[in-house]
Amino acid sequence: MRMWLMVTLQAAWPCLFGLAMQHYPTTWGHYDMCKSQVYTDDGLTWDYMACQPEAADMTQYLKVTLDPPDITCGDPPETYCTLENPYMCNNECDATTEELAHPPELMFDFEGRNPSTFWQSSSWRKYPKPLAVNITLSWNKTIELTDDIVITFESGRPEQMVLEKSLDYGKTWQPYQFYATDCLDAFTMEPKTVQDLTQFTLLDIICTEDYSRGYVWKYDKTVRFEIKDRFALFAGPRLHNMASLYGQLDTTKNLRDFFTLTDLRIRLLRPATGATMVDEGNLSRYFYAISDIKVHGRCKCNLHANSCVFDKEKLSCECEHNTTGPDCGRCKRNYQGRAWSPGSYLPIPKGTANICVPNNVGPVTRVCDDELLRCQNGGVCVNNIRCQCAPGYSGLLCEKVRCDGEAGCPLSDSYQTSSPSAGIILLLLTLLRSTWALAL
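Rules used throughout
Each chain carries its own residue numbering, running from 1 in the direction its sequence is written. Under the rules for a predicted model, residues below a pLDDT of 70 receive no local features and side-chain atom pairs below 80 are neither given nor counted, while totals for whole chains, interfaces and linings still include all residues. Side-chain metrics in this entry use all non-hydrogen atoms of the structure; hydrogen atoms and water are not considered. When a carboxyl oxygen of Asp or Glu is within 4 Å of a side-chain nitrogen of Lys or Arg, the pair counts as a salt bridge. Three labels apply to residues, based on accessible area from a 1.4 Å probe with only protein chains included: buried if under 20% of the type maximum, exposed if over 50%, partly exposed otherwise in between. A strand pair is defined by DSSP finding two or more bridges across the two strands. In DSSP terms, a helix is any run of H or I states spanning at least four residues, a strand is any run of E spanning at least two, and both are numbered starting from the N terminus. Contacts between residues were defined by any pair of non-hydrogen atoms, one from each residue, lying within 4.5 Å.

A.B. asks: Explain the pattern of salt bridges here, please?
C.D. replies: Side chains bearing opposite charge may pair, as long as their charged atoms lie close to each other. The full count for this structure, using the stated rule, is 15 salt bridges. A salt bridge links R230 to E226; the shortest N-O distance between them is 3.6 Å. Its relative accessible area of 6% is what places E226 among the buried residues. For D279, the salt bridge goes to R285, with nearest N and O atoms at 3.5 Å. For D279, a relative accessible area of 29% corresponds to the partly exposed category.

Shown next, in the form of structure tokens:
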């Protein structure tokens with residue numbers, strides 16, 4: 001019996017101890033807590049904070065589609081030559097043989113294998129018709145980018161390419177960046193780099209020649225869309241001043257939307273040729289091959305959730321603050337006492353939760369619930385705004401023993417909980433008494 005009582009108290013102690021502590025995110029930049037318990041002059045209540053999920057590798061949750069759908073090599077089987085040496089033609093692609101197949105999912109598998117795994121297109125056998133391929137990555141969920149998009153090519157990097165984004169699940173598309181060996185010739189755009197951008201031109205769509213060199217640069221395999229360099233325009237070169245960035249994201253909708261998407265599309269328009277002229281006698285040298293795509297980000301939850309779950313092939317936010325929807329984009333039923341609003345990063349470090357409140361209730365809500373802030377001693381939570389206490393008890397959570405001065409009264413009115421420590425002691429005594437009674 002004593003052991004059972006000790007285990008019960010040990011399980012209850014962290015909850016009781018937490019009532020006296022005011023919790024904040026360990027580092028303000030994370031916004032990883034949505035609410036914490038605090039003790040005010042009126043008793044225990046919730047302190048709500050803006051919150052967001054941790055950033056993650058978002059390629060775990062996407063669906064990839066290719067257009068044209070039959071562009072992957074291997075059906076029929078083909079033999080390929082290397083770009084550097086047109087006489088080295090010992091690379092085979094055969095969709096019916098696992099070791100020789102190069103399906104799209106190999107763009108997202110574990111890197112570091114030897115030999116490397118990669119997706120590969122069919123060759124440019126229909127030249128001079130363009131070898132054009134669209135690779136679409138779809139999340140069926142709004143996500144926010146937190147790091148560079150990196151595409152690693154196993155073949156030479158394409159001489160012309162466009163990276164596009166969609167905010168409406170692929171219905172419409174906007175360019176993110178153009179890539180070419182000659183921006184003027186390919187897209188009639190002056191070549192620029194991300195270093196040419198400023199705080200005032202960050203949203204400009206540029207064409208860069210930095211990632212489109214041919215076989216001379218065969219060891220430069222990556223193509224980037226530089227997210228962190230754009231962040232650095234506000235947060236500094238090492239992203240030390242994230243407060244400035246969060247302030248800009250909070251107050252400039254277009255800036256935040258720039259880093260937000262539901263789909264990405266990689267438009268491959270011209271493969272690496274390594275020369276000004278295409279060798280029409282050996283078109284098997286020209287193709288696309290991608291070994292890896294990295295997309296880091298987080299679910300967009302409008303600062304109303306700190307976790308996002310992947311269930312039944314779908315991402316969804318685990319909404320807090322009485323919100324609901326895939327992006328926590330509306331108030332729950334019976335919590336429409338004021339219009340829904342996204343959370344805010346400001347003021348730092350906790351931000352502003354902008355919680356949804358019960359109908360017919362003012363902006364300040366006395367909170368009880370069936371999770372951590374349960375009504376004590378048989379009390380019943382009414383509409384999450386007050387506890388209806390059993391006879392003999394009072395207080396915000398029915399934690400106070402009502403005493404009218406009769407003989408044998410356990411505690412006088414002068415000892416009612418007026419401080420965090422007194423409230424904790426009283427709750428602990430109440431738990432001890434009920435636990436002891438059950439043990440007997």
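A.B. asks: I keep staring at the pairing of strand β16 (residues 296-299) and nothing clicks. Help me out?
C.D. replies: For a regular strand, the rule is simple: side chains alternate between the two faces of the sheet. Relative to β16, strand β3 (residues 56-57) is paired through two bridges, and the arrangement is antiparallel. Across the sheet, residue A56 finds its bridge partner in β16, namely G297. Taken together, the three bridges between strand β8 (residues 133-145) and β16 define a ladder with antiparallel strand orientation. Among the inter-strand pairings, E144 is bridged to a residue of β16, identified as R298.

A.B. asks: Looking at this model, I keep getting lost on helix α3 (residues 227-235). Mind explaining?
C.D. replies: At 3.6 residues per turn, the α-helix brings residues three or four places apart onto the same side. Taken together, the buried positions of α3 are occupied by I227, R230, F231, A232, F234 and A235. The elements touched by buried residues of α3 are β8, β9 (149-153), β11 (174-180), β13 (222-225), α4 (242-251) and α5 (253-258). Phi turns positive one or two residues past the end of α3, at G236, with a value near 90°.

Without other data, these values stay purely geometric and don't point to any function.
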